[in-house]
Amino acid sequence: MRACIILTSVILAFLRSGSASLVVKGPAGPVLEGEEVTLECVDTESQFNMSTVHFEKLSRHMKTWYRLDLDEYNYFYRRCFYYDVDVKREDGRLLLWLPRIQTWSAGPYRCVADNATEQMNNSSMTYTIPVHYMREVSVYRSGLGSLTRYFTQQQDLRVRLGDDVELECSTSASESPQYFWAKEGEDWIVPASKLKLAQVRELDSGKYTCTAQHPTVGSLSKKRTISITVLPEDAAWYETTTGRIALMAAAAGVALLVIILSMTAYLCRRAKQRKSKGPIDDRSQKKPIYRNSVESLPSTAGDKQPLV
C-alpha cells in the first residue's frame, strides 16, 4: 500500500512538472453568435516571455494548426480563412479579438511558445468558444411529401372543411430547441414540434404561432406564424394550398418539357442541314494555269508549260 502511494506521488509530480503553464481564457458566460469575443493567453507560472507566444487555430478540414499572426508563411491562409480575427499585444498581454463570432470561428484555439525547453510544455490546452445560435423557424404542412416542404413557406394555408392538417415546426440550433404551439385568441399551448388538427372546422381558422426556445439561453428564441383558412367542403381543388402547389409543379414541368423539345428540334434541324450540304466544287483547282494565259499574273518570261 505504501509503495502504491509513493508511486502515485511520483507520477503526479512528473505530470505537474510537464504540465503547461499557458492557459487560454475566454468569456465566462454564454456567447451568442454575432457577439464580440476576446481571448487571452495567460502564463500562470511566469515561465515564458509573452512576446514569443502566439495563438493558433485548428483547421478541422486540413487537420493542421495554423498560426494566427501575420507571418510570411501563414499570410495567405490567414487572410483568406481567418480574416475575422485579430491578434493584439497590449502591455505584455496576448489577446485574440473576434469582432463578430460565428460558428466556424468558435475554435479550437491554443497558444504556443516558441522558445520552450524540453522540460516545458510549450502549448496550452485547447479552448473552444461555446457559441450558441438559432436559425429562423420554418413551418410546413407535413404528410404531403418532401416537395411540398419547399413550397409551403408561406403565411396562409388554405384547406377544405373536414381535412386533417398536421403542421410541423423546425429549426437548427446549437442545442436541440423546445417547441411550443399556440393559437391567437386561445389560451392553450401544445409543447411539441407538431400540431395536429383532425377534421378541421370553421372554428379552426385563425393564426397559429410556433415558438422555438433555446434550452440553455433563455433570451434566444424564434417565432413563426401561419394563418389557416378553412374553405367550404365543395371548394375547387385549385383553391387549396395543395392545389396551388400542384399547379406550380405542373407549370414548371410543362415549361421544362417545352424547352427540351425546342432544343431537340433545333439540334435535329441543324444536324440535317449539315448533312444535306454537298462537297465543295474544286474543279477550278484542277485546271492548269499557263504563264501566258489571262488568268496568270503578269510575267516577263513566257512559256506555255503548265505549272501543275
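Bear in mind that the values here come from a model prediction, so they are computed numbers and not experimental data. (Residues numbered from 1 in each chain as written. Predicted model: local features only at pLDDT ≥ 70, side-chain atom pairs only at ≥ 80, totals over all residues. Heavy atoms only, no water.)

**What to know about the pairing of strand 10 (residues 138–141)**
Next up, step 1: Because side chains alternate across strand 10, one face comprises the buried residues Ser138 and Tyr140, and the other comprises Val139 and Arg141, equally buried.
Next up, step 2: Relative to strand 12 (residues 165–170), strand 10 is paired through four bridges, and the arrangement is antiparallel. Bridged to Ser138 within strand 12 is Ser170. (Buried < 20%, exposed > 50% of the residue type's maximum accessible area, 1.4 Å probe, protein only. Helix = DSSP H or I, 4+ residues; strand = E, 2+ residues; numbered from the N terminus. Pairing = 2+ DSSP bridges.)

**What about the nonpolar core?**
Next up, step 1: Among the nonpolar cores identified, the biggest contains 24 residues, and Leu39, Cys41, Val53, Phe55, Leu96, Tyr109 and Ile129 are the most heavily contacted of them.
Next up, step 2: With near-sequence residues (within four places) excluded, Phe55 lies in contact with Val24, Leu39, Glu40, Cys41, Tyr66, Arg67, Leu68, Leu94, Leu95, Leu96, Arg110 and Cys111. (Core = buried A, V, L, I, M, F, W, Y, C linked by side-chain atoms within 4.5 Å. Contact = heavy atoms within 4.5 Å.)

**A look at the packing of aromatic side chains**
Next up, step 1: Scanning all chains against the criterion turns up one aromatic pair.
Next up, step 2: Relative to Tyr208, the ring of Trp188 lies with its centre 6.4 Å away and its plane at 45°, an arrangement referred to as tilted. Within this pair, whereas Trp188 is found in the loop between strand 13 (178–183) and strand 14 (189–190), its partner Tyr208 is found in strand 16 (residues 206–213), the two being separated by 20 residues in sequence.
Next up, step 3: A relative accessible area of 28% means that Trp188 is categorised as partly exposed.
Next up, step 4: Just above the ring of Tyr109 sits the side chain of Lys57; from NZ or CZ to the centre is 5.8 Å.
Next up, step 5: Positioned above the aromatic ring of Trp65, the side-chain terminus of Arg110 is 4.2 Å from the ring centre. (Phe/Tyr/Trp six-rings, centres within 6.5 Å; stacked < 30°, edge-to-face > 60°. Lys NZ or Arg CZ within 6 Å of the ring centre and 35° of its normal.)

**Re the sheet that holds strand 7 (residues 93–98)**
Next up, step 1: If you trace the four strands from one edge of the open sheet to the other, you get 1-3-7-6, paired in antiparallel fashion. With one partner strand each, in any of the chains shown, strand 1 (22–25) and strand 6 (86–90) form the two edges of the open sheet. Ignoring strand direction, the axes of neighbouring strands in this sheet form an average angle of 25°.
Next up, step 2: Alignment of strand 3 (residues 37–43) against strand 7, held across five bridges, turns out to be antiparallel. (Axes fitted to C-alpha atoms, helices over the stretch in contact; angles between N-to-C directions.)

**Overview of the state of the cysteines**
Next up, step 1: Tallied over the entire structure, the rule returns two disulfides.
Next up, step 2: What pairs with Cys41 in a disulfide is Cys111, and their sulfur atoms sit 2.3 Å apart. When the S-S torsion is 75°, as for the bridge of Cys41 with Cys111, the disulfide is right-handed. Of the two residues, Cys41 sits in strand 3 while Cys111 sits in strand 8 (residues 109–113), which places them 70 residues apart along the sequence. By the burial criterion, Cys41 is buried, and Cys111 matches it.
Next up, step 3: Between the sulfur of Cys169 and that of Cys210 lies a disulfide, 2.1 Å long from S to S. Between Cys169 and Cys210 the disulfide shows an S-S torsion of about -95°. By sign, it is left-handed. One end of the pair, Cys169, is in strand 12; the other, Cys210, is in strand 16, and 41 residues separate them in sequence.
Next up, step 4: When its relative accessible area of 3% is taken as the criterion, Cys169 is described as buried. (Disulfide = S-S within 2.5 Å.)

**Brief notes about the pattern of salt bridges**
Next up, step 1: Scanning the entire structure with this criterion turns up six salt bridges.
Next up, step 2: Between Glu40 and Arg93 there is a salt bridge, with the nearest N and O atoms lying 3.0 Å from each other. Placement of Glu40 in strand 3 and of Arg93 in strand 7 is noted, with a sequence separation of 53 residues between them.
Next up, step 3: A salt bridge links Lys194 to Glu166, with the nearest nitrogen and oxygen atoms 3.8 Å apart. One end of the pair, Lys194, is in strand 15 (residues 194–197); the other, Glu166, is in strand 12, with 28 residues separating them in the sequence.
Next up, step 4: A relative accessible area of 22% places Glu166 in the partly exposed class. (Salt bridge = Lys/Arg side-chain N within 4 Å of Asp/Glu carboxyl O.)

**Structural notes on unusual backbone geometry**
Next up, step 1: Omega for the bond connecting Gly107 with Pro108 falls within 30 degrees of zero, at 10°, which places this linkage in the cis form.
Next up, step 2: Following the sequence through the fold, Pro108 ends up in the loop between strand 7 and strand 8.
Next up, step 3: Phi is positive for Asp91, which is not a glycine, with a value near 50°.
Next up, step 4: Residue placement: Asp91 occurs in the loop between strand 6 and strand 7.
Next up, step 5: Classification of Asp91 as exposed rests on a relative accessible area of 82%.

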